[in-house]
Amino acid sequence: MFEALGNRLTGVFDKLRRRGALTDADVQEALREVRVALLEADVALPVVKDLVTRVRERAVGQEVIRSVSPAQQVIKIVNDALVEALGGGEGDDGKRGLDLNAPSPIPILMVGLQGSGKTTTSGKIALRLRTRERKKVLLASLDVHRPAAQLQLQTLADQAEVTGLPIIAGQTPRQIAERAMDVGRRELYDIVILDTAGRLAIDEALMAEVADVKAFVKPHETLLVVDAMTGQDAVNTAKAFQEKVGVTGIVMTRVDGDARGGAALSMRAVTGAPIKLLGAGEKLDALEDFHPDRIANRILG
Ligand code: GDP
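Residues numbered from 1 in each chain as written. Predicted model: local features only at pLDDT ≥ 70, side-chain atom pairs only at ≥ 80, totals over all residues. Heavy atoms only, no water.

- An unreviewed UniProt entry lists the chain under the name Signal recognition particle protein, from Falsiroseomonas stagni DSM 19981.
- According to the UniProt record, the Subunit (unreviewed entry) comment for the chain is "Part of the signal recognition particle protein translocation system, which is composed of SRP and FtsY. SRP is a ribonucleoprotein composed of Ffh and a 4.5S RNA molecule."
- UniProt annotates the chain under Sequence similarities (unreviewed entry) with the comment "Belongs to the GTP-binding SRP family. SRP54 subfamily." (UniProt positions renumbered as here; feature names shortened; annotations may be inferred.)

Next up, the structure:
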């Protein structure tokens, strides 16, 4: 991902690198191209404007034109602004990864549209927490609309070698959540991952169901799973979930595809929620930490 944007910016900055000194006009021209490249990479317009304004202010303030290596300096300023916009600077204090600082059992609520990779990501997180953090994990599907989804989660639980909450037909999502938390408490689980139902598009019934479960469970993390391939739609989805349900973090899936990465920048800006993890494949171990600096480097090629 981000390759299209990377190629474009590389072209711009190659041109800058070839020159000995930069004029004001050069900087303006570079920023114009940065702006177009970001727009073409699906970054939302207000986010682009904000980023370019910040870069311009800093470039002028730091007197780029008179510096020893002006092109390098412009690149650094753009890079820093991208890292910041992607959530960098929050440091390595754990804020970027999953927050597990709460009494057990810690409820993690998974939300998102159908097909976003929500169920797969639930399995991936379960595997990671069991193997890396040595946690005892319970997986529960609240998708009463699609029995296949419940079976799919059980299969993933088996693969991840964690427990899946037994399915009881006829229970409401809230009843399943209640049962999961009961089992979690009684059987001393560290983590209870609740995989909610998705829909093909945002609808009020979905939002109401998820909001109801959330109000009842009071999850420590509410993770929104979004498909990076859906570009601007992913941003709109994130906005809707943030407004109607409230999320603590975002997991962006299918970054192994050739999606343009602008969605990451926009989602971060539009929701204020950090991107916590990336899904990079169908396999259960294809879950990556989100590193804003690495992504920004890739953007700049
Ligand atoms: P849900 O409806 O949101 O629960 O979506 P699923 O978890 O069932 O995923 C839908 C499809 O996307 C499945 O075929 C998954 O294997 C696939 N998938 C999930 N995450 C990723 C990912 O990060 N990369 C790729 N390439 N495929 C993924």
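1. Let's talk about helix H10 (residues 262-271)
Turning to step 1, where the next piece is worked out: Of all 10 residues that make up H10, eight are buried, and the element is covered over most of its length.
Turning to step 2, where the next piece is worked out: Within H10 the residues assigned to the buried category are Gly262, Ala263, Ala264, Leu265, Ser266, Met267, Arg268 and Thr271.
Turning to step 3, where the next piece is worked out: The positive-phi residue at the C-terminal boundary of H10 is glycine 272, with phi of around 75°. (Buried < 20%, exposed > 50% of the residue type's maximum accessible area, 1.4 Å probe, protein only. Helix = DSSP H or I, 4+ residues; strand = E, 2+ residues; numbered from the N terminus.)

2. Quick look at the site of the ligand
Turning to step 1, where the next piece is worked out: Taken together, 17 residues lie around the ligand, and Gly115, Thr119, Thr120, Arg254 and Asp256 are the ones closest in.
Turning to step 2, where the next piece is worked out: Serine 116 places a main-chain nitrogen or oxygen 3.1 Å from an oxygen atom of the ligand.
Turning to step 3, where the next piece is worked out: Here an oxygen atom of the ligand sits 2.9 Å away from a polar atom, N or O, in the main chain of glycine 117.
Turning to step 4, where the next piece is worked out: Notes on the ligand: free accessible area 580 Å², of which the protein chains cover 81%. (Near = heavy atom within 4 Å. Polar contact = N/O pair within 3.5 Å; in protein donor to acceptor, adjacent residues only side chain to side chain. Areas by Shrake-Rupley, 256 points an atom, 1.4 Å probe, with all protein chains shown as cover.)

3. Describing the UniProt feature "domain: SRP54-type proteins GTP-binding" (unreviewed entry) in the chain
Turning to step 1, where the next piece is worked out: Feature annotation in UniProt assigns "domain: SRP54-type proteins GTP-binding" (unreviewed entry) to the following positions: residues 274-287.
Turning to step 2, where the next piece is worked out: Within the segment residues 274-287, helix and strand shares are 0% and 43% respectively, and the terminal C-alpha atoms sit 16 Å apart.

4. A few points about the nonpolar core
Turning to step 1, where the next piece is worked out: Membership of the largest hydrophobic core comes to 63 residues, with the highest contact counts inside it found for Leu38, Leu194, Phe241, Met252 and Met267.
Turning to step 2, where the next piece is worked out: Tallying contributions element by element places helix H4 (residues 70-85) first for this core, with seven residues.
Turning to step 3, where the next piece is worked out: Excluding residues within four positions of it along the chain, leucine 194 makes contact with Ile108, Leu109, Met110, Ala140, Leu142, Ala177, Ala180 and Val217.
Turning to step 4, where the next piece is worked out: Judged by nonpolar contacts, the second largest core, of 23 residues, contains Leu98, Leu127, Val137 and Ala160. (Core = buried A, V, L, I, M, F, W, Y, C linked by side-chain atoms within 4.5 Å. Contact = heavy atoms within 4.5 Å.)

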